[in-house]
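# Coordinate analysis (summary)
Residues per chain, in single letters:
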Amino acid sequence: MPQTVLLTGATGYIAKHIALQLLNAGYDVRGTVRSISRAAEVADAVRPHLNGTTDLDTRLTCVALDLSRDDGWDEAMAGVDILMHTASPFPLVQPKDADDVIRPAVDGALRAVKAAHNAGVKRIVMTSSTAAISGCALSTGQTAYDENNWTDTTDDRVNPYGKSKTLAERAVWDYAKEYPELKVTMINPGFVVGAPLDKTFGTSVEVIARILRAKDPMVPQFGFTCVDVRDVAETHVTVIDKPETHGQRIMIVDRFMWFVDMAKAIKAAYPNRKVVTRVAPNFFVRLLGIFDPAVRSIVPDLGKRQAMDNARAAATLGRPMRPVPEAVVDTATYLIDEDLV
Ligand code: NAP
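Residues numbered from 1 in each chain as written. Predicted model: local features only at pLDDT ≥ 70, side-chain atom pairs only at ≥ 80, totals over all residues. Heavy atoms only, no water.

## A short note on the overall build of the protein
Selection rule: Runs of E in the DSSP output that reach at least two residues are strands. Runs of H or I that reach at least four are helices, and both are numbered from the N terminus. With the radius of gyration taken over C-alpha atoms, the globule rule is written as 2.2 Å times the number of residues to the power 0.38. Only protein chains enter the accessibility calculation, which uses a 1.4 Å probe; a residue whose area is less than 20% of its type maximum is buried, one above 50% is exposed, and one in between is partly exposed. Residue contacts follow a heavy-atom distance rule, with two residues in contact if any of their heavy atoms lie within 4.5 Å. Each accessible area value is a Shrake-Rupley result obtained with a 1.4 Å probe; residue values ignore everything except the protein chains displayed when judging cover. Positive charges come from Lys and Arg alone, negative charges from Asp and Glu alone, with His and the N- and C-terminal ends not counted. The atoms used to mark charge sites are NZ of Lys, CZ of Arg, CG of Asp and CD of Glu.
A count of helices and strands for the protein gives 13 helices and 10 strands. Over its C-alpha trace the protein gives a radius of gyration of 20 Å, about what one expects of a compact globule, namely 20 Å for 341 residues. Looking at the protein residue by residue over its 341 residues, the buried ones come to 53%. Expressed as a percentage of contacts within the protein between residues at least 6 apart in sequence, the contacts between residues at least 24 apart total 79%. As displayed, the protein has an accessible area near 15100 Å², and 51% of this comes from carbon and sulfur atoms. Side chains of the protein carry 39 positive and 42 negative charges; the gap between the two charge centres is 5 Å.

This is the structure in structure tokens:
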């Protein structure tokens, strides 16, 4: 009998890719959505990419659950073999009150894990982030962040999202320490790029859309350590049957890319399209940040290039990561073909 995965946040950009790969790998998926009216959206997103599944109506089902409410979690876990917890707020603009993202992230992660534990579900895979890793100084002699680093949530420069991911991850590890029968693997992706499966996508795709809209006169000297969404999804699925990953964090990244390099990759693929490739001086971006909250959130990291060690992720996948410049162009192609920019 196929194993059933409870996939939280099934309407998410990454979760739809995970749902697709789970179904193609033979798992049944019970997705959690905030509103049951969006259940069809998840099925519609994965359907064109399935390798042969005809009984999607029985293999992919959805239940309505909210990270901030107790209702329904215990019932949703009945008959589940694996919890895959991806749901967490990922806002483009940081909220004024950090608790707006921290509380649903932390309380929601514990709600999901405790409900799984109560139902006897022992295998847990959770989506954390490099935001829970790189918000701290490297140790002396260390040249790249790795899974031993932890974001310092007492540092005022760490934004609410970074705090929410770190505190949620820590809460789950603390809980799992009390109950060693729980087998937890944490996936810590960098900035995720790659074509979404449908037009409802999250913050990271929105960043590529902003480059394509070319409304900003210059691009900031800012970048992310990026990863292809398909590699992120594959890692979530691959670790299910890898006991050696129990108790591990797996930081999954390909390489760092400045925004200007993303813009240049898009320009090379679409030479006739207006794409801004002039880099803004940092003082100008700081000034803009006074007026634009989305710009303000990147100001602390202007000009910072982060190195991250992906050895564990490569060993887990058994291959190098897909090159992210191609994933950036794939994202752009999707947005252009769907007339979204
Ligand atoms: P996304 O498309 O915004 O997905 C977030 C998911 O979480 C959505 O399904 C959303 O539901 C759900 N969610 C948010 N608040 C919720 C709440 N209070 N109750 C129930 N569900 C809630 O973002 P994503 O990029 O796919 O991110 C998925 C996960 O990956 C998150 O944990 C994020 O922190 C992590 N991550 C993302 C990146 C990246 O670059 N994209 C990098 C590292 C880690 P609705 O659709 O109803 O809003």
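## Considering the side chain of Glu169
Condition: In protein, a polar contact requires one atom able to donate a hydrogen and another able to accept it; more generally it is a pair of N or O atoms within 3.5 Å, and residues adjacent in sequence count only if both atoms are side-chain atoms.
As for its placement among the helices and strands, Glu169 is situated in helix α6 (residues 160–178). Within the local environment of Glu169, its side chain forms a polar contact with the side chain of Ser128, the two groups lying 2.7 Å apart. With residues near it in sequence (within four places) discarded, Glu169 still touches Met126, Ser128, Ala132, Trp150, Met186, Asn188 and Arg249.

## Considerations on the nonpolar core
Our working rule: For this analysis, a nonpolar core means a set of buried residues of the types Ala, Val, Leu, Ile, Met, Phe, Trp, Tyr and Cys, connected via side-chain atoms within 4.5 Å.
Of all hydrophobic cores here, the largest spans 73 residues; its most connected members are Leu22 and Met262. What Met262 contacts, discounting residues up to four positions off in sequence, is Phe191, Ile208, Ile211, Phe224, Cys226, Met257 and Val328. In terms of nonpolar packing, the next biggest core, distinct from the first, is built from 31 residues, Leu83, Ile102, Ala115 and Met126 among them.

## Some details on the sheet that holds strand β10 (residues 255–258)
Strands in a sheet are paired, the pairing made by backbone hydrogen bonds, and the direction either parallel or antiparallel. Selection criterion: Between any two strands, at least two bridges found by DSSP are needed for them to pair. Axes, fitted as lines to C-alpha atoms, cover a helix only where it is in contact. Angles between the N-to-C directions of the axes lie from 0 to 180 degrees.
The sheet built from 3 strands is open, its strands ordered β7-β8-β10 with mixed pairing. Two strands bound the open sheet, and with one partner strand each, they are β7 (191–193) and β10. Averaged over all pairs of adjacent strands, the angle between their axes in this sheet comes to 50°, without regard to strand direction. Examined bridge by bridge, strand β8 (residues 223–228) and β10 share 4 bridges and lie antiparallel to one another. Of the residues in β10, the one forming a bridge with Cys226 is Arg255. Sitting on the sheet, helix α8 (residues 229–238) touches β7 and β8, and the angle it makes with β8 is about 60°.

## Structural notes on the site of the ligand
Definition in use: One heavy atom within 4 Å of a molecule or strand makes the whole residue count as near it. Note that Gly is not counted as nonpolar here; it falls among the polar residues with everything else outside the nonpolar set of Ala, Val, Leu, Ile, Met, Phe, Trp, Tyr, Cys and Pro and the charged set of Asp, Glu, Lys and Arg.
In the region of the ligand, 25 residues are neighbours, and Thr11, Arg34, Thr86, Tyr161 and Lys165 sit closest. Tyr161 is positioned with one of its side-chain polar atoms (N or O) 2.6 Å from an oxygen atom of the ligand. Here a nitrogen atom of the ligand sits 3.0 Å away from a polar atom, N or O, in the side chain of Ser204. Burial of the ligand by the protein chains amounts to 89% of its free accessible area of 890 Å². Elements that contribute at least two residues to the shell around the ligand include exactly α1 (13–24), α6 and β7. Counted by class, the shell around the ligand contains 10 nonpolar, 11 polar and 4 charged residues.

## What about the packing of helix α7 (residues 203–213) against helix α9 (residues 259–269)?
Short version of the rule: By convention the crossing between two helices is left-handed if the near helix lies anticlockwise of the far one by an angle smaller than a right angle, and right-handed if it lies clockwise.
Closest axis-to-axis distance for the α7/α9 pair is 10 Å, and the angle between their directions is 65°. Crossing hand, α7 versus α9: right-handed. Where α7 abuts α9, its residues Val207, Ile208, Ile211 and Leu212 lie against Phe259, Met262, Ala263 and Ile266.

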